[in-house]
Amino acid sequence: MQKEDKKAEDINAGRRRGIQSVEIGMHVLQALASLGSASTLGAIAQASDISPSQAHRYLASLIASGMAQQNEQTGRYDLGPAALQLGLGALARIDAFRITNEAISAFAERTGQTVQVAALGPLGPTIIRWLMGRPPVMTSFNVGSVLPMLTSATGHIFLSFSPPAYIDHLVAAELGATTLTKDDVDAIRGRVTAEGRARVEGTMIPGLRAIAFPIFDLQNRAILSATALFPGTSPAARNEAMAEELGQLCHDLSLQLGWQPD
């Protein structure tokens, strides 16, 4: 019986060591990813909170599996092709609209804040989700409505964070129908990119305030926007608190979708 107990203890100890080895290997892999570029052994060891000799052993195993690679000239380590394939496979399974819809819906239900979610369609920024708050914000816009690029907070997000090839024709068409100039457009872009949000008041509906935020993807494109809508009677302090919370939520969603902020 003692021999059997000793054998069971040895097996359990081996399993624990194996699990611990996997955990340390994952820490090393996460360190490689978090450092952002090819890194030295010392930097990886420090980021992994292990000794350089221990980091070297784990890196050797990661290289053998294709999860890491080493530059022969510089000796620096970086993520390998297997890690990249794994990451792309995970991203391919992400449904940006589903994730955003669930998170924004929960936010609107919890806070009572009216929020619209939009995507850049062929005709311009298009509302794809309207979440009515408490009290409701009544407008003539609904799901499927196309918003202007130059006079809506939602439009300002796509104006400022979309590739020019996607929006130049939309901007040109609107410029021809307004008194705005290209300098005005540049000023809007500068303000929105600096603040990370867009604000308008009364340009779409008198008395209605709107604050919009981008939701970025892996390629740093604003694939969606979330816009909080406030009636003119809503207290300014509450508006700012709701905007800050929505902005943080959009930031977190962007990270979840693979965005890497500068």
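Residues numbered from 1 in each chain as written. Predicted model: local features only at pLDDT ≥ 70, side-chain atom pairs only at ≥ 80, totals over all residues. Heavy atoms only, no water.

**Looking at the overall build of the protein chain**
Basically, it comes down to this: Comment: elements are numbered from the N terminus, with helices defined as DSSP H or I runs of at least four residues and strands as E runs of at least two. To sort residues, take the accessible area from a 1.4 Å probe on protein chains only and compare it with the maximum for the residue type: under 20% means buried, over 50% means exposed, and anything in between is partly exposed. For this analysis, residues touch if any pair of their heavy atoms sits within 4.5 Å. In this description, accessible areas are obtained by the Shrake-Rupley approach with a 1.4 Å probe, and a residue is regarded as covered only by the protein chains that are shown.
The helix and strand inventory of the protein chain stands at 9 helices and 7 strands. Each of the 262 residues in the protein chain was classed as buried or not, and the buried ones make up 40%. Looking at the protein chain alone, contacts between residues at least 24 apart form 53% of all its contacts between residues at least 6 apart. Only carbon and sulfur atoms are counted for the fraction: they give 56% of the accessible area of the protein chain, which is about 14600 Å².

**Observations regarding the pairing of strand E3 (residues 114–121)**
Applied cut-off: Between any two strands, at least two bridges found by DSSP are needed for them to pair.
Of all 8 residues in E3, 7 are buried; the element is thus mostly enclosed. Bridge count between E3 and strand E7 (residues 222–230): 5 bridges; the pairing is antiparallel. What sits directly across from Val115, in E7, is Ala228. Taken together, the 7 bridges between E3 and strand E4 (residues 124–131) define a ladder with antiparallel strand orientation. From the neighbouring strand, Ala119 faces E4, where its bridge partner is Thr126. In textbook terms, the turn of a hairpin is the stretch between consecutive antiparallel strands, and for E3 and E4 this stretch comprises 2 residues.

**Structural notes on the packing of helix H6 (residues 153–161) against helix H8 (residues 182–195)**
We apply this condition: To obtain an axis, a line is fitted to C-alpha atoms, over the contacting stretch when the element is a helix, and the angle between two such axes runs from 0 to 180 degrees between their N-to-C directions. Put simply, angles under 35 degrees are roughly parallel, angles over 145 are roughly antiparallel, angles from 65 to 115 are roughly perpendicular, and the rest are oblique.
Here H6 crosses H8 at 90°, and the two axes come no closer than 9 Å. The angle between H6 and H8 places the two elements in the roughly perpendicular class. Counting all contacts with H6, which are made through His156, Ile157, Leu159, Ser160 and Phe161, the residues of H8 involved are Val185, Ile188, Arg189, Arg191, Val192 and Thr193.

**A word on the environment of Gln260**
The residue Gln260 is located in the segment after helix H9 (236–256) in this model. The spacing of Gln260 and Phe216 is 44 residues in sequence and 8.9 Å in space, taken between C-alpha atoms.

**Description of unusual backbone geometry**
Of note, Asp49 is a non-glycine position whose phi angle comes to about 60°, a positive value. Mapped onto the elements of the fold, Asp49 is located in the loop between helix H2 (41–48) and helix H3 (52–64). Taking relative accessible area as the criterion, Asp49 reaches 72% and is therefore assigned exposed. Despite not being glycine, Asn220 has its phi angle at roughly 60°, a positive value. Mapped onto the fold, Asn220 is located in the loop between strand E6 (209–216) and E7.

**Describing the nonpolar core**
Let me state the cut-off plainly: In these notes, a set of buried Ala, Val, Leu, Ile, Met, Phe, Trp, Tyr and Cys residues joined through side-chain atoms within 4.5 Å is what counts as a nonpolar core.
Residues Met149, Leu150, Ile157, Leu159 and Val171 are the most contacted members of the largest nonpolar core, which totals 28 residues. It is H6 that provides the largest number of residues to this core, a total of 5 residues. Ranked by size, the runner-up nonpolar core spans 23 residues in total, among them Leu131, Ala243, Leu246 and Leu249.

**Observations concerning the sheet that holds E3**
Sheet architecture is open: 5 strands sit in the order E4-E3-E7-E6-E5, paired in antiparallel fashion. Here the strands that pair on one side only, and so sit at the sheet edges, are E4 and strand E5 (198–201). Sheet twist, expressed as the average angle between the axes of neighbouring strands with direction ignored, equals 25°.

**What about the packing of aromatic side chains?**
Centre-to-centre distance and the angle between the planes together describe a pair of aromatic rings. The following threshold applies: Put simply, two rings from Phe, Tyr or Trp (the six-membered ring, in Trp's case) pair if the centres are within 6.5 Å, and we call them stacked under 30 degrees between planes, edge-to-face over 60, tilted for the rest.
Here the structure, examined in full by the defined rule, presents 2 aromatic pairs. Where Phe161 meets Phe216, the ring centres are 5.3 Å apart and the plane angle is 90°; that geometry is what we call edge-to-face. Of this pair, Phe161 sits in helix H6 while Phe216 sits in strand E6, and the two are 55 residues apart along the sequence. Judged by its relative accessible area of 16%, Phe161 falls in the buried class.

**Examining the confidence of the model for the protein chain**
Basically, it comes down to this: One number per residue, pLDDT, summarises how confident the predictor is, and it ranges from 0 to 100.
A residue-level look at the protein chain finds 87% of positions with pLDDT of 70 or above and a mean pLDDT of 85. With pLDDT under 50 throughout, residues 5–14 is counted as low confidence; its partners more than four residues away or in other chains account for 0 contacts.

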